[in-house]
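An overview of the molecular structure
Listed below are the residues making up each chain.
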Amino acid sequence: MAFAAASMSLYACNDSQGDLLEAKVYFESSEYLVEIKGNEMAVELGARISTPMTSNVNLTYELGNQADVDAYNAKNGTEYLLFEAEHATLEATESVINAKKIYAEKVNLSLTGLDTVEEGKTYVLPVRIASSSAPVISGGNITYYVISKPVRIMSAVRFNNGAIYVPIPGDKAFKSVTYEALIYIDYFGDNNTVMGKEGTLIFRIGDEGGGLPRNILQIAGKVEFQNPNKLESKKWYHVAFVRNAETGFAGMYVNGQKVNEGNAGTTDIMLGGDGVKGNGFFIGKVAGFMWGERPIYGKMAEVRLWNVARSENQLQKNMLSVDPKSEGLEFYYKLNKESVNGMVITDASGHMNGESRYGLYPEDLDAPIEIK
């Protein structure tokens, strides 16, 4: 039996001072994180009471529904799915908080069919206190089991002098935008291209000619600021840039944490081009650019372009994978062994395949990518 680690949540109450002293029932944790291991698992469920009573408190539990998941997603900015009730069983729906105790007797919640859960997708199973012989704290009558299967990325594309050209039409206007990539630097050059359009909005590391150290992450072009902290070689990072056209906000994120921000204005941004002489959107190198191609030396995976401003919470929860059908995805290059087919870089979202320049080769990794 595995009991998932919980994140504590306090429930506010607008009752009078007298009501606050009354013994009330609630779930101590609003959320339990369940990492799938195997085809079947059991987790424990148990409510508590704020202060012991002199008599037993009888409880019943019930599974929640899609409306509960919708409420969870709206509150947390997530897009999680309902864990199907046919694969979840409360081994008992009744429990008791014995007199002079504060915790209810534990109930097992069995989860089955876990081998059908896809890597990278997250499910929510709500459980409610259906009835209680003592009052229940408002908002404390529901808890959520957040169920996911760890993503194991076991291959990535090595960039040494190669690039990906993304055939975005030159007349396509972007308002809000998000860049994302997993990067692993073997060694730093004087200007290392992650992704973007040179002179317009380029995500890169270092610019010795411009006075920027080789290991400083920067957004440049019509918006310009950098990460104040140096990156290290031989280490995986999730890096992201977000531009919100409605507010003009621009933010840079490393491993899901904002490291700097600036103002990006609200005018449209043109990221496309014909791919000739560095004109257009490139990944890994600005191929054919007249003032130097600026290659990156290392590996990349999970490269994504969005036409929406992703939130910090969304970035944090989807570093290793995202649903290819997510709203706002322009392209999604996993850059694993399955997505590189000769000169074609397959777009997992199905919108826009990339074109390999100078040869790119996926490699097996010694261990799954881990962001620390």
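Please refer to the structure higher up on the page.
To keep things clear, this report deals only with the structure shown in the data block. In this text the structure is predicted, and so the values were computed from the model without any measurement.

**As for the pattern of salt bridges**
One pass over the structure, following the stated rule, counts 19 salt bridges. Glutamate 180 is paired through a salt bridge with arginine 304; the nearest N and O atoms lie 3.1 Å apart. With glutamate 180 in strand S16 (residues 177–185) and arginine 304 in strand S26 (residues 298–306), this residue pair connects regions lying 124 residues apart in the sequence. A salt bridge links glutamate 198 to arginine 204; the nearest nitrogen and oxygen atoms lie 3.8 Å apart. Residues joined by salt bridges that share partners form a network here, namely Arg158, Asp186, Lys234 and Glu363.

**Re the side chain of aspartate 186**
Of note, aspartate 186 is situated in the loop between S16 and strand S17 (192–197). What makes aspartate 186 buried here is its relative accessible area of 15%. Within the structure, the side chain of aspartate 186 is placed 2.3 Å from the side chain of arginine 158, a separation counted as a polar contact. Once residues within four sequence positions are removed from consideration, aspartate 186 is found in contact with Arg158, Ser233, Lys234, Tyr297, Gly298 and Lys299.

**Describing the nonpolar core**
Judged by nonpolar contacts, the single largest core of 44 residues is most densely connected at Tyr179 and Ile283. No other element matches the 5 residues that S16 contributes to this core. Core analysis: the next-biggest nonpolar cluster, separate from the first, contains 31 residues, Ala23, Phe27, Ala47 and Val57 among them.

Conventions used here
- Residues numbered from 1 in each chain as written.
- Predicted model: local features only at pLDDT ≥ 70, side-chain atom pairs only at ≥ 80, totals over all residues.
- Heavy atoms only, no water.
- Salt bridge = Lys/Arg side-chain N within 4 Å of Asp/Glu carboxyl O.
- Helix = DSSP H or I, 4+ residues; strand = E, 2+ residues; numbered from the N terminus.
- Buried < 20%, exposed > 50% of the residue type's maximum accessible area, 1.4 Å probe, protein only.
- Polar contact = N/O pair within 3.5 Å; in protein donor to acceptor, adjacent residues only side chain to side chain.
- Contact = heavy atoms within 4.5 Å.
- Core = buried A, V, L, I, M, F, W, Y, C linked by side-chain atoms within 4.5 Å.

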